[in-house]
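Working through the structure, step by step
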Amino acid sequence: MAPAEVAAQVANMYDTVLILDFGSQYSHLITRRIREVGVYCELLPCTQRIADLKFKPKGIILSGSPFSITDEGAPHVDPEVFNLGIPILGICYGLQEIARNLGGETGLTVRREYGFAELNLDPQADHHSYKLFQDVPSPTHVWMSHGDHLEKPPKDFVIIGSTDTSAYAAVSHSTLPIYGIQFHPEVTHSVDGAVILRNFVIGICECEASWTMSSFIDKEIERIRTLVGPTGAVIGAVSGGVDSTVAAVLMKRAIGDRFHAVLVDNGVMRLNECEQVKQTLADNLGINLTVADASELFLGRLKGVTDPEKKRKIIGNTFIEVFEAESHKIDEVSRQDGLGAIEWLLQGTLYPDVIESISFKGPSATIKSHHNVGGLLEDMRLKLIEPLRELFKDEVRALGALLDIPEDLVWRHPFPGPGIAIRVLGEVTPSQVEIARRADHIYIDEIKKAGLYRQISQAYAALLPVRSVGVMGDQRTYEQVIALRAVETRDFMTADWFPMPVEVLKRISNRIINEVHGVNRVLYDVSSKPPSTIEFE
Ligand code: XMP
């Protein structure tokens, strides 16, 4: 099934607001803010034809854009948007699009306006324009980031707000529910931005705030059952991370043992991780789990390899090979047991990845690289099932808590597919992996004891391929170096190093040097991303 159809299936279950994306760096924030008030929304590229839409939105938001409306090749919305008779809100470039379609005049601001502005409001309490600014004081602080501005609003539009530099910072049609604002309500710097978006989706579009994770569970389980049918079987890789676990539990609840989870032990997982994942998923959560111990195969292939990209490729390809072999075995047994053939592959794709792949790419759009060990496994000829593809990470965590997944797992830091192999710099040998594992275990243990685990987005210990001189007792030592990494980040695309309290660092360093054989020095990484990355390799 095409991704747009899957999205439409979900959109048809809820009152949905459609966000048409013109490539602004803030577009995904509009989606976040609206979801936060419990209203479901879908982001689609601005080039979406209305005739091809597979669901009926209750309102449409036109986003900002890195383009100027006067640019040659600037993107434009399908004019049919204005014939749907549903509320429309244009933000920044979206306002210029409204003017362009309804007969206003837009111009270029002499200097790009970027930063705070005071918005003075004048919406009439008995007029529908008031609804957008209900409960918003005047003046209010708003965030501006634009080059274009409105020179003359279209006919029949009224001014409802202005700033020192923008006479038409907020306008609305005098009778139709069409609104345009020059500022960005989705950015938290716009103090009342969330209220404005809430007013639009609930007060104006009259959406029911029914998007909650508890409503999602039942609807998603129903959707999975319909999709897979009464006999179909699904296979999926699990890692012990929150995404794959939440996806697996949903599948288990939807189709029971017709969902087969596979945990590939690649030999570079964390200390005792394989046993712990098995215990949680199979023993506690009742998931039909197969553990494929391929650690020797992986470590054998990694022997002598020091190049980070080669390590990644070897692990990615070996993973696919092992997973496919396991899948064939499970398929055979499943057919013999009358449980049906494996037709579907489960993936824990999240909404930010979906947004990234479908959002409109403007001239200044950054290209993000994606890491996915499993890839799409195209040659397996399986159909994809992605129960989390409409969710943000915090929604997945909320869902995990509702599905009785242990709190420890729900809040687990991300762990890369290539595992400790990209945290052991240089050659990955079993003994090097063991040193990194033990140091990492102590590090995370102390972070948890200090109550800092949730404040930190990701932390781990890396083993450096250098030796340094030390002294232990009366003995000279010549041993390896552990580097500790801890970062704070919202999206993992940029990150700040975490200011770890000195007392905590002292305890960690002391324990690692005393308890991990082969290490005589511990360093703390104080580099942010960019220019560093979160992982060392
Ligand atoms: P970098 O090192 O690029 O990492 O700053 C950003 C985030 O991505 C994770 N990461 C990976 N995750 N497979 C994964 O599943 C990979 O190959 C991979 N490489 C990096 C990293 O742990 C961090 O959260």
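Residues numbered from 1 in each chain as written. Predicted model: local features only at pLDDT ≥ 70, side-chain atom pairs only at ≥ 80, totals over all residues. Heavy atoms only, no water.

Definition in use: UniProt positions are given in the numbering used here, feature names are shortened, and annotations may be inferred rather than shown by experiment.
Within an unreviewed UniProt entry, the label attached to the protein chain reads GMP synthase [glutamine-hydrolyzing], and the organism entered is Coemansia spiralis. What UniProt states about the protein chain under its Catalytic activity (unreviewed entry) heading is, verbatim, "XMP + L-glutamine + ATP + H2O = GMP + L-glutamate + AMP + diphosphate + 2 H(+)". Reading the Pathway (unreviewed entry) entry of the UniProt record for the protein chain gives the comment "Purine metabolism; GMP biosynthesis; GMP from XMP (L-Gln route): step 1/1."

**Observations concerning the pattern of salt bridges**
Rules: By definition here, a salt bridge exists when the distance from a side-chain nitrogen of Lys or Arg to a carboxyl oxygen of Asp or Glu is within 4 Å. The helix count covers DSSP runs of H or I at least four residues long, the strand count covers runs of E at least two residues long, and both are numbered beginning at the N terminus. The rule is simple: take the accessible area with a 1.4 Å probe, protein chains only, and divide by the maximum for that residue type; under 20% is buried, over 50% is exposed, in between is partly exposed.
Throughout the structure, instances matching the rule amount to 34 salt bridges. Close ionic contact of R423 with E535 constitutes a salt bridge, the shortest N to O distance being 2.9 Å. Of this pair, R423 sits in the loop between helix 13 (407-410) and helix 14 (430-449) while E535 sits in the segment after strand 18 (519-524), and the two are 112 residues apart along the sequence. Given the relative accessible area of 13%, E535 is considered buried. The salt bridge partner of K506 is E503, with a shortest N-O separation of 3.5 Å. With K506 and E503 both in helix 15 (residues 502-515), this residue pair falls three residues apart, about one helical turn. Because the salt bridges share partners, they merge into one network encompassing D445, E446, K449, R507, R511 and E515.

**Re the UniProt feature "binding site: ATP" (unreviewed entry) in the protein chain**
Just so we agree on the cut-off: Cavities and pockets are defined on a 1 Å grid built over the protein atoms alone: a cavity is a set of grid points where a 1.4 Å probe fits but cannot escape, while a pocket is an open set with protein on both sides within 12 Å along at least five of seven lines, and lining residues are those with an atom within 4 Å of any such point. Residue contacts are defined here by distance: any two heavy atoms, one from each residue, within 4.5 Å place the two residues in contact. Two N or O atoms form a polar contact when they lie within 3.5 Å of each other; inside protein one atom must be a possible hydrogen donor and the other a possible acceptor, and for residues adjacent in sequence the pair counts only when both atoms belong to side chains.
Residues annotated by UniProt as "binding site: ATP" (unreviewed entry) correspond here to S239, G240, G241, V242, D243, S244 and T245. Here the residues from the annotation list that line the second largest pocket are G240. Note on placement: G241 falls in the loop between strand 10 (233-237) and helix 7 (242-255). The topology assignment puts S244 in helix 7. If sequence neighbours within four positions are ignored, S244 has contacts with A237, V238 and S239. At 3.1 Å, the side chain of S244 forms a polar contact with the backbone nitrogen of S239.

**Describing the site of the ligand**
Definition in use: Note on definitions. A residue lies near a molecule or strand when any single heavy atom of the residue is within 4 Å of it. Throughout, the Shrake-Rupley method with a 1.4 Å probe supplies accessible areas, and for residues the shown protein chains are the sole cover considered. As a working rule, the residues Ala, Val, Leu, Ile, Met, Phe, Trp, Tyr, Cys and Pro are called nonpolar, Asp, Glu, Lys and Arg charged, and the rest polar, with Gly in that last group.
Taken together, eleven residues are adjacent to the ligand, and R312, Q458, K529, I534 and E535 come closest. In the environment of the ligand, an oxygen atom lies 3.2 Å from a nitrogen or oxygen atom belonging to the backbone of G417. Look at the ligand: alone it shows 500 Å² of surface, and the protein chains cover 84% of it. Of the residues belonging to the shell around the ligand, the class tally is four nonpolar, four polar and three charged.

**Some points on the layout of surface pockets**
What counts is decided by this rule: Grid points are joined across faces, edges and corners, and a volume is the space filled by probe spheres set on the points.
In this structure, the second largest pocket spans a volume of roughly 490 Å³. Forming the boundary of the second largest pocket are 21 residues, of which Q276, D408, R412, I444 and K448 lie nearest the centre. Among the elements of the structure, helix 8 (273-284), helix 13 and helix 14 are those that each provide at least two residues to the lining of the second largest pocket. At six residues, the largest contribution of residues to the lining of the second largest pocket is made by helix 14. When its residues are assigned to classes, the lining of the second largest pocket shows seven nonpolar, six polar and eight charged.

**Here's the deal with the environment of I61**
Here I61 shows up in strand 3 (residues 59-62). Not counting the four nearest positions on each side in its chain, I61 is found in contact with V17, L18, I19, L20, I30, I34, L89, I91, L197 and F200.

**Examining the packing of aromatic side chains**
Basically, it comes down to this: Pairing of aromatic rings covers Phe, Tyr and Trp, the last counted by its six-membered ring, and requires centre-to-centre distances within 6.5 Å; plane angles under 30 degrees mean stacked, over 60 mean edge-to-face, and any other angle means tilted.
Applying the stated criterion across every chain, the model contains eleven aromatic pairs. When the centroid spacing of 6.4 Å and the interplanar angle of 80° are considered together, the rings of Y179 and F200 count as edge-to-face. Placement of the pair is Y179 in strand 9 (residues 178-181) and F200 in helix 5 (residues 193-204), with a sequence separation of 21 residues. The class of Y179 is buried, set by a relative accessible area of 1%. Residue classification places F200 among the buried residues on the basis of a relative accessible area of 0%. Taken together, Y14, Y40, W211 and F216 form an aromatic cluster joined through their ring pairs.

**Let's talk about the packing of helix 7 against helix 12 (residues 393-402)**
Just so we agree on the cut-off: Angular values range over 0 to 180 degrees, each being the angle between N-to-C directions of two axes fitted as lines to C-alpha atoms, with helices fitted over their stretch in contact. Any angle from 65 to 115 degrees is called roughly perpendicular, while one under 35 is roughly parallel, one over 145 is roughly antiparallel, and all others are oblique. In this scheme the handedness of a crossing depends on how the near helix is turned from the far one: anticlockwise by less than a right angle means left-handed, clockwise means right-handed.
Helix 12 packs onto helix 7 with a crossing angle of 50° between their chain directions and a minimal axis gap of 10 Å. Classified by the angle between their axes, helix 7 and helix 12 sit oblique to one another. Read as a crossing pair, helix 7 and helix 12 show a hand that is left-handed. Counting all contacts with helix 7, which are made through V242, D243, V246 and L250, the residues of helix 12 involved are K393, V396, L399 and G400. Taken together, the residues of the contact of helix 7 with helix 12 sort by class into five nonpolar, one polar and two charged.

**A word on unusual backbone geometry**
Residue S138 is joined to P139 through a cis peptide bond whose omega torsion reads 0°. With respect to the element layout, P139 can be found in the loop between helix 4 (129-132) and strand 6 (140-152). In this structure, P530 follows K529 across a cis peptide bond, with omega equal to -15°. Within the secondary structure, P530 sits in the segment after strand 18. Positive phi, normally seen in glycine, also occurs at E206, with a value near 60°. As for its position among the elements, E206 is in the loop between helix 5 and helix 6 (213-228).

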